[in-house]
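Here is what each chain is made of, one letter per residue.
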Amino acid sequence: GQQLNQSPQSMFIQEGEDVSMNCTSSSIFNTWLWYKQDPGEGPVLLIALYKAGELTSNGRLTAQFGITRKDSFLNISASIPSDVGIYFCAGQPYNNNDMRFGAGTRLTVKP
Amino acid sequence: DTAVSQTPKYLVTQMGNDKSIKCEQNLGHDTMYWYKQDSKKFLKIMFSYNNKELIINETVPNRFSPKSPDKAHLNLHINSLELGDSAVYFCASSQDPGGAFFGQGTRLTVV
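Residues numbered from 1 in each chain as written. Chains lettered and ligands numbered in written order. Predicted model: local features only at pLDDT ≥ 70, side-chain atom pairs only at ≥ 80, totals over all residues. Heavy atoms only, no water.

Some remarks on the overall build of chain B
A count of helical and extended segments in chain B gives zero helices and eleven strands. Mapped from its N terminus to its C terminus, chain B presents α and β elements in the order β-β-β-β-β-β-β-β-β-β-β. Relative to the globule expectation of 13 Å for 111 residues, the C-alpha radius of gyration of chain B, 13 Å, shows essentially globular dimensions. The C-alpha extent of chain B, read off along each of the three principal axes, is 40 × 25 × 25 Å. Per-residue burial for chain B yields a buried fraction of 46% across its 111 residues. (Helix = DSSP H or I, 4+ residues; strand = E, 2+ residues; numbered from the N terminus. Rg over C-alpha atoms; globule rule 2.2 N^0.38 Å. Buried < 20%, exposed > 50% of the residue type's maximum accessible area, 1.4 Å probe, protein only.)

The structure is reproduced here in structure tokens:
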């Protein structure tokens, strides 16, 4: 199956700092998705991207669908303690019947 | 009202037993999935169904048998449980185009 490479694996930042993480793939995706998972919970959808080049924001979060359709990034501005968690990228190669995940970025925010 | 609900939340069982996990979604979505999350938090797709039809079976041992009686339900039955089956299992649903909504997970421990 398609391989998604997500980096960094983990980040330790100070409250108020900006964060950036990204995902790359060797194959094309039609949809890129970003999720956040809190301990003991299921992943929650943050942002969905449907078109190459698309830049979408959700509050302090901004994500972009790469022009080549093989990459995406997520930025979090002015981080706060509740941003702590694991962030996953996911890609859908054709339609929503298939959805593959990156290995996750574990974010720690120090107050 | 919970959008995607799966039961039970915790399941502790002995090796060799057979167990089932139930999943229901009230979102009217056509696609449902089962994912396995290991101890390193990697989310691996196991199955996807679209309108009760199996779309993806990601080289899962045939001890795992999904059943979709209608498009709102996708249950997972596991025969002859092994120690390596211990993980968190997530059910999810989505509608094309769009990201998926996840249940809270079922933590399966095989002893």
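On we go from here.
A closer look at the sheet that holds strand S1 (residues 4-7) of chain B
All names here are of chain B. The four strands lie next to each other as S1-S3-S8-S7, forming an open sheet whose pairing is antiparallel. The sheet terminates laterally at S1 and strand S7 (64-70), the two strands that pair on one side only. Within this sheet the neighbouring strands show an average axis-to-axis angle of 15°, counted without direction. The sheet contact formed by S1 and strand S3 (residues 19-25) spans four bridges and is antiparallel. Note on S3: the bridge partner recorded for Ser5 is Glu24. (Pairing = 2+ DSSP bridges. Axes fitted to C-alpha atoms, helices over the stretch in contact; angles between N-to-C directions.)

Some thoughts on unusual backbone geometry
In the segment running from Ser7 of chain A into Pro8 of chain A, the intervening peptide bond is cis, with an omega of -5°. Within the secondary structure, Pro8 of chain A sits in the loop between strand S1 (4-7) and strand S2 (10-14). Phi is positive for Ala78 of chain A, which is not a glycine, with a value near 50°. Residue Ala78 of chain A is classed as partly exposed on the basis of its relative accessible area, which comes to 37%. Phi angles above zero are rare outside glycine, and Thr59 of chain B is one such case at about 40°. Looking at the secondary structure, you find Thr59 of chain B in the loop between strand S6 (53-57) and S7.

Things to note about the state of the cysteines
In the structure shown here, the tally under the stated rule is two disulfides over all chains. Here Cys23 of chain A pairs with Cys89 of chain A through a disulfide, and the sulfurs are 1.6 Å apart. Residue Cys23 of chain A is found in strand S3 (residues 19-25), and its partner Cys89 of chain A is found in strand S9 (residues 85-92); the two are separated by 66 residues along the sequence. Judged by relative accessible area, which is 0%, Cys23 of chain A ranks as buried. With its sulfur 1.8 Å from that of its partner, Cys23 of chain B forms a disulfide with Cys91 of chain B. On the S-S bond that ties Cys23 of chain B to Cys91 of chain B, the torsion sits near -75°, and the link is left-handed. With Cys23 of chain B in strand S3 and Cys91 of chain B in strand S9 (residues 87-94), this residue pair connects regions lying 68 residues apart in the sequence. (Disulfide = S-S within 2.5 Å.)

Re the pattern of salt bridges
Residue and element names in this part refer to chain A. Going through the model one piece at a time under the given rule, you end up with seven salt bridges over all chains. Residue Lys36 pairs with Asp38 through a salt bridge whose shortest N-O separation is 3.2 Å. On the basis of relative accessible area, Lys36 is assigned to the buried category, the value being 14%. (Salt bridge = Lys/Arg side-chain N within 4 Å of Asp/Glu carboxyl O.)

What about the sheet that holds S3 of chain A?
Residues and elements named next belong to chain A. As summarised here, the arrangement of the five strands in space is S1-S3-S8-S7-S6, forming an open sheet in which the pairing is antiparallel. Looking at which strands have only one partner, the edges of the open sheet turn out to be S1 and strand S6 (55-58). Taking the axes of each pair of neighbouring strands and ignoring which way they run, one obtains an average angle of 15° across the sheet. Strand direction decides the pairing type here: S6 and strand S7 (residues 61-65), joined by four bridges, are antiparallel. Opposite Ser57, over in S7, you have Thr62 as the bridge partner.

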